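So you can see what is in the structure, the chains are spelled out below.
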Amino acid sequence: MDKLSSITKFKAACPYLSRTKSQTLRTLCTKASPRYPSLSKLTVKATACPIMGPALQLRSGQIVANYASVAGTAEVQKIHEQKGISADVNSGDIQKCPHASKAIAAARVAEELAKVKAKLPKGHPTQPSTSTATAAAAGCPFHAAASKTASPESAKKAPVPGGFNYEKFYEDELEAKHKDASYRYFTNINRKAEKFPVAHTGNPKNEVEVWCANDYLGMGNNPVVLETMHRTLDSYGHGAGGTRNIAGNTGMHLALEEELSQLHRKPAALVFSSCYVANDATLTTLGSKLPGCVYFSDSMNHASMIVGMRHSGAKRVIFKHNDLEDLETKLAQYPKETPKIIAFESVYSMCGSIGPISEICDLAEKYGALTFLDEVHAVGLYGPHGAGVAEHLDWDAQKAAGKNPEPIKGSVMDRVDIISGTLGKAYGAVGGYIAGSTDMVDMVRSYASGFIFTTSLPPVNVAGARASISYQREYNGDRQLKQLNVRDLKNRFEALDIPVIPGPSHIVPVLVGDAGLTKLASDNLLSRYNIYVQAINYPTVARGEERLRFTVTPGHTIEQIARLATAVDETFTELGIKRTKDWAKLGGHANVGMPNPEEVKPIWTDDQVGLTDGTAPKTLRSGEKRFVDQRAVNITRSKFNDLLGPFVGAPSASVPVADIKPTQTRLDMAVAPTQHSPTPVMASA
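Parameters at a glance
- For every chain, the first residue of its written sequence is number 1, and the numbers climb from 1 along that sequence.
- In keeping with the predicted nature of the model, local features appear solely for residues at pLDDT of at least 70, side-chain atom pairs appear and are counted solely at 80 or more, and the whole-chain, interface and lining totals rest on all residues.
- As a convention, hydrogens and water are excluded, and side-chain values are obtained from all of the structure's heavy atoms.
- Partly exposed describes any residue whose relative accessible area lies between the buried limit of under 20% and the exposed limit of over 50%, with all areas from a 1.4 Å probe on protein chains only and scaled to the type maximum.
- Each helix is a run of DSSP H or I of at least 4 residues and each strand a run of E of at least 2, with the numbering of both proceeding from the N terminus.
- When the strands point away from the viewer, a crossover counts as right-handed if the route from the first strand across the helix to the second turns clockwise.
- Two strands make a pair as long as DSSP finds a minimum of two bridges between them.
- Comment: axis = line fitted to C-alpha atoms, over the contacting stretch for helices; angle = value between 0 and 180 degrees taken between N-to-C directions.
- The labels follow the angle: roughly parallel below 35 degrees, roughly antiparallel above 145, roughly perpendicular from 65 to 115, and oblique for the rest.
- Left-handed describes a crossing in which the near helix is turned anticlockwise from the far one by less than a right angle; the clockwise case is right-handed.
- The contact definition used throughout considers only heavy atoms, calling two residues in contact when any of these lie within 4.5 Å.
- We call Asp, Glu, Lys and Arg charged. Ala, Val, Leu, Ile, Met, Phe, Trp, Tyr, Cys and Pro are nonpolar, and the rest, Gly among them, are polar.
- Put simply, buried Ala, Val, Leu, Ile, Met, Phe, Trp, Tyr and Cys residues joined by side-chain atoms within 4.5 Å make one nonpolar core.
- Lys and Arg are tallied as positive, Asp and Glu as negative. Neither His nor the chain termini are counted.
- Basic side-chain nitrogens of Lys or Arg form a salt bridge, by our definition, when they fall within 4 Å of a carboxyl oxygen of Asp or Glu.
- Within 3.5 Å is the distance limit for a polar contact, defined as a pair of N or O atoms, with the added protein rule that one can donate a hydrogen and the other accept it, and that residues adjacent in sequence qualify only through two side-chain atoms.
- Residues enter a patch when their relative accessible area is above 30% and they make no salt bridge; the linking distance is 9 Å between like charges and 5 Å between nonpolar side chains (Val, Leu, Ile, Met, Phe, Trp, Tyr).
- Note on areas: Shrake-Rupley with a 1.4 Å probe; residue coverage comes only from the protein chains shown.
- The quantity known as pLDDT measures the predictor's confidence residue by residue, on a range of 0 to 100.
- Two aromatic rings from Phe, Tyr or Trp, using only the six-membered ring of Trp, form a pair when their centres are within 6.5 Å; if the ring planes differ by under 30 degrees the pair is stacked, by over 60 it is edge-to-face, and anything between is tilted.
- Lysine NZ or arginine CZ positioned within 6 Å of the ring centre and within 35 degrees of the ring normal marks a charge as sitting over the ring.

Colleague: Sorry, what's going on with the pairing of strand 7 (residues 340–345) here?
Modeller: Along strand 7, six of the six residues are buried, which leaves the element largely enclosed by surrounding structure. Across the two faces of strand 7 the burial is the same, with K340, I342 and F344 and I341, A343 and E345 all buried. In this fold, the crossover linking strand 7 to strand 8 (residues 369–374) by way of helix 15 (residues 357–367) has right-handed handedness.

Below, the structure is given as structure tokens:
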């Protein structure tokens, strides 16, 4: 029976139920409490009721007692034998027990009810008696064994008499996060290599569509990347074996750094375990070593940059987001000879804005500052070779220069002193890096604790990252298709009055403006539509600017994009979330619904995505396989000949490799057996 039909019978008798909309009751009774997963949100509210609170406590205790005392020891033993279940508690048969698994579940409910009530003020009429919640199993060996470990509370360390209560401190800090709705939830999501962008939850049979992953191009399952990783794993094993200066400096690491320096047309590059570490270590080192250094930091910089500047001990001056006038005013307050570093990003991931890179370089030259540009959400996605926004701004010149590693004098990318990037987003791998002058990179390598004192990345990961970069340097189609899909989704949202925060990049942030509603919307999309998009709350964004951030990939189909737009529209209606017109009535908020808004054009032009000349790749339809560019595959394979040997095997293409164009029919690649027998790869990414 529908839970709501039972609840509505009592609406006339209960003040809370009578004044609550049926739609809200349905949501409350079908959603699990985030703090107490075995209870519904409505049950948690009911614990504070002077009538329902004691009734819930009594009933849960009865259920526990009934399951726990079903029979005496001898009778329980006989029941188990009749069912063919071993009575050995270590046998793994607990879930088969006629009553033990239900008893444990009932005990969890009773225990969590007791926890909820324990939070109520002393003297509250629903304060619990915990005796029923702790009812012991009478005869079941499974239940008796499980009851010893069922509660995490029993594992807490008791405070030393007169000492500090550490567990209470942890609990209070977590409670504060729950109260202000800033607690972070970690969903069990497992991406499926053969079905990207589909994943499964904790239950492998429960499949969902992922709409918030940072694997922007789906390179985490590109066939030449996986093939290269299999070959590397067979040749070099898993771990790196040490830090970079103690047994962990492999040829794969050196080759990746060479690939990165060529990508950005810089003399040198240095790979770190993540870009958080790269930013932290580099900014800490520079700020602490440059005498009297002053950092000028964009107000929306990433936490890794903020932490690095703080760790350096250098003075930090914050300028308004993308505000050149404010930046110049603050730069002018310091002598030109004072060491200065302007730290900013190319693509700001939570709002989708793009930094004025060229103009900031102008100010840096005028006031004697270095520029530190974080291209984390841009590398792989912008520019004719995927080097980022700095490359994209000189599209024609960068494209004409090809793969020549020499800098293009006067170009935006050449003018930027230090570029940081990630291997864990568009390239679908793990790790981070910096690129810049030879001496700067060598100094960071020599002084940065975050680089020196950590085990280097495994060769298999490094090889996969290099293969991904190499492929994307040769093939522009994935970037084009991603941008076309982004345009499609933004247009659909706009037609439905969904409040997309305007921006020229690939980021699709949808404003909700309330932490609780944002989490509820995320939960609703997952439970009702099998759509996974994470809620973005404080401190990632300012309070009142909570949002859902959607990331579209080349692997999303027309049908999936259409379903997403419909699901978001229905969720906004069901939960009463403000639309663009609602924000406009309030005068606008977070650049949504602003009076007389300026038109925001995408940084990728129609020419660059191939719309003008008709070469634009086509969005996939359900059942179609992604295109894999054979030329890019062959070039990438050849780069590993020195360490892995020539690739053995030929693709089963129906047309000669030389004739394959980015817009041709998608290609399956079968790999012939080789000596190390890597897993066969198909272009089913």
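Colleague: Would you take a moment to explain the sheet that holds strand 3 (residues 207–210) for this structure?
Modeller: If you walk across this open sheet you meet the four strands as 1-2-3-12, and the pairing is mixed. Each edge of the open sheet carries a strand with a single partner, namely strand 1 (190–191) and strand 12 (531–532). Bridge count between strand 2 (residues 198–200) and strand 3: three bridges; the pairing is antiparallel. Each residue of the ladder has a partner; that of A199, found in strand 3, is V208.

Colleague: In this structure, what is going on with the packing of helix 10 (residues 223–236) against helix 21 (residues 459–474)? I would like to understand it.
Modeller: For any two helices packed against each other, one specifies the crossing angle of their axes together with the interaxial distance. Following both chains from N to C, one finds helix 10 and helix 21 inclined at 150°, their axes separated by 8 Å at the closest point. Classified by the angle their axes make, helix 10 and helix 21 are roughly antiparallel. In the crossing of helix 10 with helix 21, the sense of the turn from one axis to the other is right-handed. Counting all contacts with helix 10, which are made through V224, V225, T228, M229, T232, L233 and Y236, the residues of helix 21 involved are P459, V460, N461, A463, G464, A467, S468 and Y471. Along the lines of polarity and charge, the residues of the contact of helix 10 with helix 21 split into ten nonpolar, five polar and no charged.

Colleague: Explanation requested: the nonpolar core in the structure shown.
Modeller: If you look at soluble globular proteins, the nonpolar side chains tend to sit buried side by side. Counting 69 residues, the largest nonpolar core has L260, F296, I342 and L423 as the members making the most contacts within it. With residues near it in sequence (within four places) discarded, L423 still touches L256, L260, V271, G428, A429, V430, G431, G432, Y433, A465 and I469.

Colleague: Can you walk me through the side chain of R549 in this structure?
Modeller: Looking at the element boundaries, R549 is found in strand 14 (residues 547–550). Of the side chains with opposite charge, E345 comes closest to the buried, unpaired R549, at an N-O distance of 9.1 Å. There is a polar contact of 3.3 Å between the side chain of R549 and the backbone oxygen of S349.

Colleague: What should I look at first to understand the pattern of salt bridges in this one?
Modeller: Between side chains of opposite charge, a pair can form when the charged atoms approach closely. Taken as a whole and assessed by the stated rule, the structure comprises 26 salt bridges. Note that R487 and D606 form a salt bridge whose closest N and O atoms lie 2.7 Å from each other. Placement of R487 in helix 22 (residues 477–495) and of D606 in helix 26 (residues 606–609) is noted, with a sequence separation of 119 residues between them. Here R621 and E559 are joined by a salt bridge, their closest N and O atoms 3.8 Å apart. With a gap of 62 residues between them, R621 in the loop between helix 26 and helix 27 (630–638) and E559 in helix 24 (residues 558–575) connect regions that are remote in the sequence. For R621, a relative accessible area of 45% gives the class partly exposed. In the salt-bridge network here, residues are joined through shared partners; they are E259, R466, R473 and K639.

Colleague: Can you walk me through a nonpolar patch on the surface in this structure?
Modeller: A surface patch of nonpolar side chains, about 450 Å² in accessible area, is lined by F164, Y166, F169 and Y170. Given a relative accessible area of 48%, F164 falls into the partly exposed group.

Colleague: Just to check I follow, could you spell out the confidence of the model for the chain for this structure?
Modeller: Caution applies to low-pLDDT parts of the model: their predicted coordinates are not meant to be read in detail. Looking at the chain, the pLDDT average stands at 85 and 75% of residues meet or exceed 70. In this model residues 68–72 is a low-confidence stretch, pLDDT under 50, and it forms twelve contacts with partners more than four residues away in sequence or in other chains. When the criterion is pLDDT under 50, residues 651–685 qualifies, and its contacts beyond four places in sequence or with other chains add up to 75 contacts.

Colleague: Is there a simple way to explain the packing of helix 12 (residues 275–289) against helix 13 (residues 303–312) in this structure?
Modeller: Closest axis-to-axis distance for the helix 12/helix 13 pair is 7 Å, and the angle between their directions is 30°. Viewed along their axes, helix 12 and helix 13 adopt a mutual orientation that is roughly parallel. Where helix 12 crosses over helix 13, the handedness of that crossing is right-handed. Between helix 12, through Y276, N279, D280, L283, T284, G287 and S288, and helix 13, the contact on the second element is made entirely by A303, S304, M305, V307, G308, M309, H311 and S312. Grouping the amino acids of the contact of helix 12 with helix 13 by side-chain chemistry returns six nonpolar, eight polar and one charged.

Colleague: Mind showing me how you'd approach the pairing of strand 5 (residues 294–298) here?
Modeller: The two faces of a sheet get side chains in turn, since along a regular strand they alternate between them. Most of strand 5 is tucked away, with five of its five residues classed as buried. Here strand 5 shows two buried faces, one formed by V294, F296 and D298 and the other by Y295 and S297. In this sheet, strand 6 (residues 315–319) lies alongside strand 5 in parallel orientation, the contact comprising five bridges. Within strand 6, the residue paired with F296 across the bridge is V317. When strand 5 meets strand 7, the two strands line up parallel, connected through four bridges. Each residue of the ladder has a partner; that of F296, found in strand 7, is I342.

Colleague: Which parts of the structure should I look at to understand the packing of aromatic side chains?
Modeller: Here a ring pair, both rings aromatic, is described through the centre-centre distance and the interplanar angle of the planes. Applying the stated criterion to the full structure yields ten aromatic pairs. On the basis of an interplanar angle of 75° and a centroid distance of 5.2 Å, the ring pair of W395 and W604 is categorised as edge-to-face. Of this pair, W395 sits in helix 17 (residues 395–401) while W604 sits in the loop between helix 25 (580–585) and helix 26; the two residues are 209 residues apart in sequence, bridging distant segments of the chain. Residue classification places W604 among the buried positions, given a relative accessible area of 0%. Members of the aromatic cluster, each reached through a chain of ring pairs, are F164, Y166, F169 and Y170. In this structure, K519 packs its charged tip against the face of Y185, placed 4.4 Å from the ring centre. Taking the ring centre of F647 as reference, the NZ or CZ of R637 above it sits at 3.8 Å.

Colleague: Mind showing me how you'd approach the sheet that holds strand 8 here?
Modeller: Each strand in a sheet pairs with its neighbour through backbone hydrogen bonds, running either in the same direction (parallel) or in the opposite one (antiparallel). In space, the seven strands of this open sheet follow the order 4-10-9-8-7-5-6, with mixed pairing throughout. Lying at the two open borders of the sheet, with one neighbouring strand each, are strand 4 (268–272) and strand 6. This sheet shows a mean twist of 20° between the axes of neighbouring strands, independent of strand direction. Contacts from helix 11 (residues 251–263) reach strand 4 and strand 10 (432–436), with the element oriented near 125° to strand 4.

Colleague: Help me out: how do you make sense of the environment of E345 in this one?
Modeller: Here E345 shows up in strand 7. Residue classification places E345 among the buried residues on the basis of a relative accessible area of 4%. Placed 33 residues apart in sequence, E345 and A378 show a C-alpha to C-alpha distance of 9.3 Å. In this structure E345 touches M300, N301, H302, M305, G355, L373 and D374, once residues within four positions along its chain are discounted. From its side chain, E345 meets the backbone nitrogen of H302 in a polar contact 2.7 Å long.

Colleague: I tried to follow unusual backbone geometry on my own but got confused; where do I start?
Modeller: Excluding glycine, a negative phi dihedral is what most residues carry, and trans is how most peptide bonds are arranged. Here the amide bond leading from F196 into P197 is cis, since omega sits at 5°, within 30 degrees of zero. In this fold, P197 is placed in the loop between strand 1 and strand 2. Of the consecutive residues Y538 and P539, the connecting peptide bond is found in the cis state with omega at 10°. The residue P539 is located in the loop between strand 13 (535–536) and strand 14 in this model. Phi is positive for A247, close to 70°, though the residue is something other than glycine. Within the secondary structure, A247 sits in the loop between helix 10 and helix 11.

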